[in-house]
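Single-letter residue listing:
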Amino acid sequence: MKCIYILFFALFLSLSCKKMDVAQPNFEVQLNKLQYKVNDTVRFNFSGSVENIVFYSGERGFRYANKDEVTIETGIPQLQFTTALAGVAQANSLKILVTKNLLGNTPENLLATSWTDISSQVTLASNSTSTVSGIVDLSPYAAEGTPFALAFKYAAIMSPTAAQPTWVVRAFSISNLFPDNSSVPLVTLATGPWTSYNFKNPAAAWTVSATELRMNGSAANTPDNEDWLVTGPLILKATKEVADFGLSIQNIAGRRLSNYDYIYKTPGVYKVTLVGFNNNIDANKAVVREVEITVIP
């Protein structure tokens, strides 16, 4: 009896040490054509027998050639806001200035800093109607390791008959836009940080709230006024790690697909990759099928 137990145990060890075989996948992909229009349905037809299929569309973030790499993408810093104007307009009463070398946070440092006037790159209000600035690319001022700052400079002159203009800034943001169209905010109106500097007429100054930046103009016959509102120093450049990956469209537990439909939203030439594979705990066998398609507007 003891011998039987020994023989049974030996047989069990022999079977448990034997690796399970994996069948070589038989997997092919066909398309009816190789050129499509944006929003067309691209149908990938499958033949053969395979347990798992992973689909790489060839779009940014979904490219088979980059599946084992982590790339670093840098965002594009973008500025936008709205303005509204009350009272009699004065030429150049509001300017938007930027610097990539803020010297410090004292009035003397502010005036000693070299500023670039980007007012011509934005649309400012001409009346009380809220006016969208448009988007300004701040990349030229995003030098590595330099302290960027942005300033709203208000300058009004005395008029014996008219009040000085009032400016209101809302919906302010500086964000980093990444190639996948995701956006990461860097500064908003509510987060700042904002610092106010008064150079003329200390009775008037910028006010900051969670919803707006406001510079109230003084009454008629009031002395000249100059006030700055500065946000910074800031590091404009932002990066993020991106790894391309594929979409699992079939697995061993699901139903077997005879085709797969996909829609491209952007024109371009795409190298589409489908990986069919069979696997178990002991082995993995795969075949890679690639096809290049063109998507036109």
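All values reported here derive from a predicted model rather than from experimental measurement. (Residues numbered from 1 in each chain as written. Predicted model: local features only at pLDDT ≥ 70, side-chain atom pairs only at ≥ 80, totals over all residues. Heavy atoms only, no water.)

Caption draft 1: Looking closely at the packing of aromatic side chains. Enumeration according to the criterion identifies 16 aromatic pairs in this entry. For the ring pair Phe152 and Phe172, a centre distance of 5.9 Å and an interplane angle of 70 degrees mean the geometry is edge-to-face. Taken together, the residues span a long stretch of sequence, with Phe152 in strand β11 (residues 148–156) and Phe172 in strand β12 (residues 166–177) at a distance of 20 residues. With respect to burial, Phe152 and Phe172 carry one shared label: buried. On the numbers, 6.2 Å between centres and 45 degrees between planes, the contact of Phe152 with Trp206 is tilted. Pair noted here: Phe152 is in strand β11 and Trp206 is in strand β15 (residues 206–208), with a separation of 54 residues, a long-range link. Across this residue pair, the class does not change: Phe152 and Trp206 are buried. The rings of Phe44, Phe55, Tyr260, Tyr262, Tyr264 and Tyr270 are connected pair by pair, giving a single aromatic cluster. (Phe/Tyr/Trp six-rings, centres within 6.5 Å; stacked < 30°, edge-to-face > 60°. Helix = DSSP H or I, 4+ residues; strand = E, 2+ residues; numbered from the N terminus. Buried < 20%, exposed > 50% of the residue type's maximum accessible area, 1.4 Å probe, protein only.)

Caption draft 2: Structural context of the sheet that holds strand β8 (residues 116–117). A sheet is described by the order of its strands in space; here five strands give the open sequence β8-β7-β11-β17-β14, paired in antiparallel fashion. One side of each edge strand has no neighbouring strand; the edge strands of this open sheet are β8 and β14 (194–200). Here six bridges tie strand β7 (residues 94–99) to β11, and the two strands are oriented antiparallel to one another. Bridge pairing in β11 links Val98 to Leu150. (Pairing = 2+ DSSP bridges.)

Caption draft 3: Spatial organisation of the sheet that holds strand β19 (residues 247–250). What the five strands build is an open sheet, ordered β2-β22-β21-β4-β19; its pairing is mixed. At either margin of the open sheet sits one strand with a lone partner, and together these are β2 (35–37) and β19. Across the sheet, the mean angle separating the axes of adjacent strands is 35 degrees when strand polarity is ignored. Relative to β19, strand β4 (residues 52–56) runs antiparallel, the two sharing three bridges. Residue pairing for β19: Ile53 is matched across the bridge by Gln250. (Axes fitted to C-alpha atoms, helices over the stretch in contact; angles between N-to-C directions.)

Caption draft 4: Highlighting the layout of surface pockets. The volume enclosed by the largest pocket comes to roughly 220 Å³. Lining of the largest pocket is provided by Glu59, Arg60, Phe62, Pro179, Asp180, Asn181, Thr266 and Tyr270. Across the lining of the largest pocket, the residue classes tally to three nonpolar, two polar and three charged. (1 Å grid on protein atoms, 1.4 Å probe; cavity = no way out; pocket = protein on both sides within 12 Å on 5 of 7 lines; lining within 4 Å. Points joined across faces, edges and corners; volume = space filled by probe spheres on them. Nonpolar A, V, L, I, M, F, W, Y, C, P; charged D, E, K, R; others polar.)

Caption draft 5: Geometry of the nonpolar core. Grouped together as the largest cluster of nonpolar side chains are 32 residues, with contacts concentrated most on Leu79, Leu138, Phe148, Phe152, Phe172 and Ile174. Of all the secondary-structure elements, those providing two or more residues to this core are β6 (76–86), β7, β11, β12, β16 (213–215) and β17 (225–234). With five residues, β11 is the single largest residue contributor to this core. Dropping the residues within four chain positions of it, Leu79 is found in contact with Ile118, Gly134, Ile135, Val136, Leu138, Leu150, Phe172, Ser173 and Ile174. (Core = buried A, V, L, I, M, F, W, Y, C linked by side-chain atoms within 4.5 Å. Contact = heavy atoms within 4.5 Å.)

Caption draft 6: Inspection of the pairing of strand β13 (residues 183–188) at higher detail. Note: β12 against β13, five bridges, orientation antiparallel. Across the sheet, Ser175 pairs through a bridge with Pro185, a residue of β13. If you look at the hairpin formed by β12 and β13, you'll find five residues sitting between the two strands, and Asn181 has a positive phi there, around 70 degrees.

Caption draft 7: Structural context of the pattern of salt bridges. Counted under the stated rule, the structure contains six salt bridges. Between Glu212 and Arg170 there is a salt bridge whose closest N-O contact spans 2.9 Å. Taken together, the positions of Glu212 in the loop between β15 and β16 and Arg170 in strand β12 put the pair 42 residues apart, joining distant regions of the chain. Glu212 sits in the buried class, given a relative accessible area of 15%. The class for Arg170 is partly exposed, based on a relative accessible area of 33%. Each of Arg170, Glu212 and Arg214 takes part in one network of salt bridges that share partners. (Salt bridge = Lys/Arg side-chain N within 4 Å of Asp/Glu carboxyl O.)

Caption draft 8: Broad picture of the side chain of Asn201. As for its placement among the helices and strands, Asn201 is situated in the loop between β14 and β15. Side chain to side chain, Asn201 and Ser218 meet in a polar contact 3.5 Å long. Filtering out sequence-adjacent residues up to four positions away, Asn201 remains in contact with Ser218, Thr222, Pro223, Asp224 and Asn225. (Polar contact = N/O pair within 3.5 Å; in protein donor to acceptor, adjacent residues only side chain to side chain.)

Caption draft 9: How the structure looks around the environment of Asp180. With respect to the helices and strands, the residue Asp180 is situated in the loop between β12 and β13. C-alpha of Asp180 to C-alpha of Gly61: the two residues are 119 residues apart in sequence and 7.9 Å apart in space.

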